Amino acid sequence: MYLKKLALAGAVSLLGTTAFAACSYENDVPLKSLTAGFEAWKAVTDAMAECGNFQAELDQEFRTKQPAAFEANPSLYHIGGVSNGTVTPLLNAGTIRPLDDLVAKYGQDLSPNQLIRVDGKIMAVAMMVNTQHLMYRSDILADLGIDTPTTWDEVFAAADKIKEAGVVDHAIGATMKSGWNLAQEFVNMYPGFGGAFFNADNTAAVNSDAGMKALETMKKTLDYTDPEVLVSDSTYVQQQFQQGKIAMANLWASRAGAMNDENESQVVGKVSMAAAPIAMDGGAPATTLWWDGIVIATNITDEEADAAFRLAMEGLDSEMVTANNEAAIWLVNGYQPGPLAEGAVATATANPAPPAYPSTTQMGLLHTALGNELPAFLTGDRDGAATLAAVEEAYTTSAKEAGVLK
Amino acid sequence: MKFKTFFWFVAPSVFMMLLFIAAPLISVLIQSFQITQPVMQQIEVETCTPGFLTQTCTTEVKTVPVIDEATGRAQTTTEWVGFQSYRNVLQMDKVWSALGSGNWGKILQIDFWKALRFTLMFTLVTLPLVVGVGLMIALAVNNAAKALRGPVIFISLLPFIITPVIGSLSIYWLFVGDGILTATLERWLDRDIAMFGQAWTIELLMYFYRVWHVAPFAFVIFYAGLQTVNMDTLESAIIDGANRFERLRYVIVPHLMPLIIFIALIHLMDCYRVFDEIIGFRSQAHVISLQWLTFDFLTPDDAGNRAISRAAASAMLTMVGIVILLILPLRRTWRDHKGGAH
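Numbers given for residues are sequential positions, taken from 1 along each chain in its written order. Naming scheme: in the order in which they are written, chains are lettered from A and ligands are numbered from 1. At least 70 in pLDDT is required for a residue's local features to be given in this predicted model, at least 80 for side-chain atom pairs to be given and counted, and no such filter applies to totals for whole chains, interfaces and linings, which use all residues.

(A) Inspection of the overall build of chain A at higher detail. Only DSSP runs of H or I covering at least 4 residues are called helices, and only runs of E covering at least 2 are called strands; the numbering of each starts at the N terminus. In terms of regular secondary structure, chain A is built from 16 helices and 10 strands. The C-alpha atoms of chain A give 22 Å as radius of gyration, which agrees with the globular expectation for 406 residues (22 Å, within 12%). Here the C-alpha coordinates of chain A stretch approximately 60 × 55 × 35 Å along the principal axes. Counts of 20 or more other C-beta atoms within 10 Å of a residue's own C-beta define buried residues, counts of 12 or fewer define exposed ones, and intermediate counts define partly exposed ones; C-beta atoms are placed from the backbone. Relative to its full complement of 406 residues, chain A shows a buried share of 57%. Of all intrachain contacts in chain A linking residues separated by at least 6 positions in sequence, the fraction that spans at least 24 positions is 73%. It is over C-alpha atoms that the radius of gyration is taken, and the globule rule equals 2.2 Å times the number of residues to the power 0.38. Contact between two residues is assigned whenever their backbone-derived C-beta positions fall within 7 Å.

(B) Up close: the overall build of chain B. Within chain B, the regular secondary structure consists of 13 helices and four strands. For 342 residues, the compact-globule estimate of 2.2 N^0.38 gives 20 Å, and chain B exceeds it by more than 25% at 27 Å. Along the first, second and third principal axes, the C-alpha atoms of chain B reach 90 × 70 × 45 Å. For chain B, with 342 residues in total, the buried portion stands at 30%. When contacts within chain B are restricted to residue pairs at least 6 apart in sequence, those whose partners lie at least 24 apart make up 66%.

(C) Here's a closer look at the interface of chain B and chain A. Across the contact, 44 residues belong to chain B and 57 residues belong to chain A. Those elements that provide at least two residues to the side of chain B that touches chain A are strand S1 (34–38), strand S2 (40–50) and strand S3 (55–65) of chain B. Sort the elements by how many residues they give to the side of chain B that touches chain A and S2(B) lands first, with seven residues.

(D) Focus on helix H4 (residues 111–143) of chain B. With 33 residues, H4(B) extends 47 Å between its outermost C-alpha atoms, agreeing within 8% with the 48 Å of an ideal straight helix rising 1.5 Å per residue. Where H4(B) bends most, at B:Thr126, the angle is about 25°, and the proline B:Pro128 comes one to four residues later. Helix span, as expected, comes to 1.5 Å for every residue beyond the first. Each residue is assigned a bend, namely the angle between axes fitted to the seven residues that terminate at it and the seven residues that start at it.

(E) Structural detail: the confidence of the model for chain A. Confidence per residue, as judged by the predictor, is encoded in pLDDT with a range of 0 to 100. For chain A, per-residue confidence averages 90 on the pLDDT scale, and 95% of positions sit at 70 or higher. Note that residues 11–21 of chain A has pLDDT below 50 and, in this model, eight contacts with residues that lie over four places away or in other chains.

(F) Structural context of unusual backbone geometry. Residues and elements named next belong to chain A. Cis geometry marks the peptide bond from Asn73 to Pro74, where omega comes out at 0°. Note on placement: Pro74 falls in the loop between helix H3 (62–71) and strand S3 (79–83). Cis geometry is adopted by the peptide bond preceding Pro352, which originates at Asn351 and carries an omega value of 0°. Here Pro352 lies in the loop between helix H14 (342–348) and helix H15 (361–378).

(G) Representation of the environment of B:Ala313 within the structure. All names here are of chain B. Among the structural elements, Ala313 can be located in helix H13 (residues 308–341). On the basis of neighbour count, Ala313 is assigned to the buried category, with 27 C-beta atoms found within 10 Å. Separated by 225 residues in sequence, Ala313 and Asn88 have C-alpha atoms that sit 9.1 Å apart. In this view, Ala313 contacts Ser32, Ser85, Tyr86 and Val89; residues no more than four positions away in its chain are not counted.

(H) Molecular detail of the nonpolar core. By size, the foremost hydrophobic cluster in this structure holds 181 residues, and its most contacted members are A:Met127 and A:Met248. When residues in this core are grouped by element, the largest group, 11 residues, is from strand S5 (residues 121–137) of chain A. Residue ranges labeled as domains rest on an automatic or database domain assignment. Each of two domains, domain 1 (2–129 + 290–342) and domain 2 (131–288) of chain A, supplies a minimum of three residues to this core. Every residue in contact with A:Met248, bar those within four places of it in the chain, is listed here: A:Leu134, A:Tyr136, A:Val155, A:Ala158, A:Ala159, A:Ala171 and A:Ile172. Counting residues in each nonpolar core, the second largest holds 17 residues, with B:Val131, B:Ala215, B:Phe219 and B:Ala264 among its members. To form a nonpolar core, buried Ala, Val, Leu, Ile, Met, Phe, Trp, Tyr and Cys residues must be joined through C-beta atoms within 7 Å.

(I) Molecular detail of the domain arrangement of chain A. All names here are of chain A. When the domains of chain A are assigned, the result is domain 1 (2–129 + 290–342) and domain 2 (131–288). The straight-line distance from the C-alpha centre of domain 1 to that of domain 2 is 29 Å. Facing the 12 residues of domain 1 at the interface are eight residues of domain 2. Residue polarity is assigned by list, with Asp, Glu, Lys and Arg as charged and Ala, Val, Leu, Ile, Met, Phe, Trp, Tyr, Cys and Pro as nonpolar; anything else, Gly included, falls into the polar class. Split by residue class, the side of domain 1 that touches domain 2 holds eight nonpolar, no polar and four charged.

(J) Structural detail: the confidence of the model for chain B. The share of residues in chain B with pLDDT of 70 or more is 99%, and the mean pLDDT across the chain is 89. Interface confidence for the predicted complex, given as ipTM, is 0.84, next to a pTM of 0.87.

(K) Expanded view of the pairing of strand S2 (residues 54–58) of chain A. Two strands form a pair only when DSSP identifies at least two bridges running between them. Judged from the five bridges that link them, strand S1 (residues 31–35) of chain A and S2(A) form a sheet pairing that is parallel. Across the sheet, A:Thr35 pairs through a bridge with A:Leu58, a residue of S2(A).

(L) Up close: the packing of H4(B) against helix H12 (residues 290–298) of chain B. Following both chains from N to C, one finds H4(B) and H12(B) inclined at 145°, their axes separated by 8 Å at the closest point. Across from B:Asp111, B:Phe112, B:Ala115, B:Leu116 and B:Thr119 in H4(B), the residues of H12(B) making contact are B:Leu290, B:Trp292 and B:Leu293. The angle between two axes is taken between their N-to-C directions and runs from 0 to 180 degrees, where each axis is a line fitted to C-alpha atoms and a helix contributes only its stretch in contact.

(M) Structural context of the environment of B:Met16. Within the secondary structure, B:Met16 sits in helix H1 (residues 3–32). For B:Met16, a count of 10 C-beta atoms within 10 Å corresponds to the exposed category.

(N) Geometry of the packing of helix H6 (residues 164–175) of chain B against helix H8 (residues 199–226) of chain B. All names here are of chain B. As a packed pair, H6 and H8 sit with axes 11 Å apart at the nearest point and diverge in direction by 135°. The angle between H6 and H8 falls in the class oblique. Read as a crossing pair, H6 and H8 show a hand that is right-handed. Judged by residue contacts, Pro164, Gly167, Ser168, Ile171 and Phe175 of H6 engage Leu205, Tyr209 and His213 from H8. Here the contact of H6 with H8 is built from residues that sort into five nonpolar, three polar and no charged. Each angle is binned into one of four classes, with values under 35 degrees roughly parallel, values over 145 roughly antiparallel, values of 65 to 115 roughly perpendicular, and all other values oblique. Less than a right angle of anticlockwise turn of the near helix away from the far helix marks a crossing as left-handed, whereas a clockwise turn marks it as right-handed.

This is the structure in C-alpha cells:
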C-alpha cells in the first residue's frame, strides 16, 4: 500500500512538472521544511519542490521535533507546517517571525481569511481548515430509511437500527486511542455541551455538569464501537471505513479524500459527509475547528526568510489547489468545494459555530491530563466524577510545574 | 597483573562509564529535586482564526512566557523543591487514604502504582517461564540427532534476533481486530474476538511475547552450560538408577545454577524496563509500565510542555526498584563467590 502511494506520489509529481508549467521562478537558496505528513502537506511540499533547492521533511511526529528544531540558531528548518494546536510552543518561544513585510511583498494572492494574526501581527498563513465531522455510509442509511443524524441522540438511534440490521461489524467508529486522540474526543464533546475548559484564574473547569454529560456520551458510543476502540486512531478508523466495517464516525475532514481512493477503499462513493452532530439543543456541533498553515523561522537570515516565504507562496498557489482539489478543505483561492467538503463547510458555518481549538499552554497540559485519565473511565475502572476530579488534579500538578498556576 | 597495566587496561571503559552512565545519572538525580519553569506573564492577545469564509477574532487574556530580549529565549527560573516531584509521582496521600478506607483497588488508579503492579508482575511471571522454556529447548536440542541440531538452533534463535519493537508490532498486527490470527480464530470459533479490548488479554499477550523473545537467550547460555556437564557424574547417576527427571534435578540443574542466577539477573534488569510492548501493543489505556511512565512525562504536548522533574523522579524510582530486585540474586552470587575463594 505504501509502495503504491509512493509510486502514485512519484507519478503525480512527474505529471506536475509537465502538466502545469512547474515553478514560475528558480529558487537558489537552499531551504528545508518540517511539516505533518498527511495528503495536503504532500501536495504543498511537492509544489514547492518544483522550484528546486528545497528539501521537505514530512513527519507525523513533527510536533515533538518542531519546538527544539526552531529554537536552534540557525534554525534547522526555514519553513514549518503547524496547526492551531501546535503553533503554541513556537509562538511562546518567539521562534517564528512576523510575516507582515513578506505578505506585503509576495502575498498578493492570499485572502485576508488566511492570515493568522496574533496581536495584530501576521504570524502564520493558513492553507486549509480541518475539523472532525460526521462521515456516514449513505447507502446503508438510505437502505434502512434513516435520515442523516444531526444530533448525538439521532446518531445513537441510527446506530441501534444499523446494529439490529447487522450490515456492518460495528455501527460507529471512533478515534479513541488513549492519549491525544481520546482527549481530543472529549475536547470536541465538552464545548458541545456548553462547557468551558478553564476558569479565569487558569484552573481547570472540566469537573462540571457538561463534563459528566460529555463523558456519558463518550461511554455510550462504546456500545456501538469495536471493543478495541481504545487503540484506534484516525488512520485505523479511516481503514475501518474503507473496508466497510463501520457505518458512521466523527472523523477528520482531512481523511475524507481517502474514502474515494480506489486503490484502498471498497466503499468509493458510498461515504457522505455531514456537520458534526450537536450534543444538546441549541448547541454548536460537538467538535473543534482547526487550521493548518505555514510559519517561517526567526533564527534564519532575512534573505533566507524572503526566499522561504516566496517558495511557500508558490506551494500555496491556486495551481496546486486545482491539481489537488480533494486533498483538503483549502482556504486558497481557486478551491472548489466538492461533495467531500460538505460536512466541514456545514460544521464551520453552523450557528452557533463550534469553537476553534484553543492554542494555549494550559490547553496542552489539560489535553495530556485528559488523555491519561479518561481511559480508566471508559474501561470501567473509575466513575465519571472521580475521573473528572483526577483530570483536574493531574492538570493542577503539571500546571504548577509549568508555571501557569501558582 | 601489575596495577599500572590493569589501570590502563580498564581506564577507557571506566572513563566511558563515568561519562555516559554516572554523569547522566547524577544530572537526573539533581533534576529530580529541581523544577525549571518559564516565567509567565498574563497579557491580553487578539487572535484571529479562519472560519470557512471569514475569520473570527477573539481577544482573551493569555498566559505566555516572558521572552528575554538579550538571548531571544524564554526566561526560566530553577528552584530546589526537595521531594515535591517524588510526591507528585508517588501520590502517597492517596495511597494512605485508600489503605485507610480499605479500598485497595483505588491504589491501582494512580499511574505510578498501576505501572509498578504491572512491571513487577511482568518481571516475576516471565522470569521462571524464560528460565524453564530456555532450559527445555536446550535439553531438547542437546538430545536431538546431530544432523538436526544446526537447523533447530537456528530456528530457535530467530525470535531473539528480531528488534523488540518490531516483534511487538508484529504480534499486535497478528492479533488486532482484523489481524490474520484473530480473523482465522474468529472464523473457526464463530465468535468475535478482541484481544486488545481488555487488560488481561493484553497482559497475556505481553507475557507470551516476552517469553518467546527472550527464551532463546536463556537457551543459548544453557546449551553452552550443558556441554560442560560432567559425564562421569551423569553416568554414575544412571548406574545408581536415577531416572531422567532425577538426573535433571540432582545433576544438571545444580551444575547450571550459576548460569540460572546469571540469566535471572539479566532478565530482571531487562524486564523491569519493559517498554516496547506498551508502545507496540498500544496498551496505554489498559496497561502501563514504569519506563513508559517516564517516557510519557518526557513527551512534550502540543503546547511544548514536558514534566522533566517528574520524569527524573520516576526514572530514579525505577532505578531504586531494579536495585531492590537485584539484591537477592546478587547476594547469592556474592556468597558463592566468597565460598569459592576459601
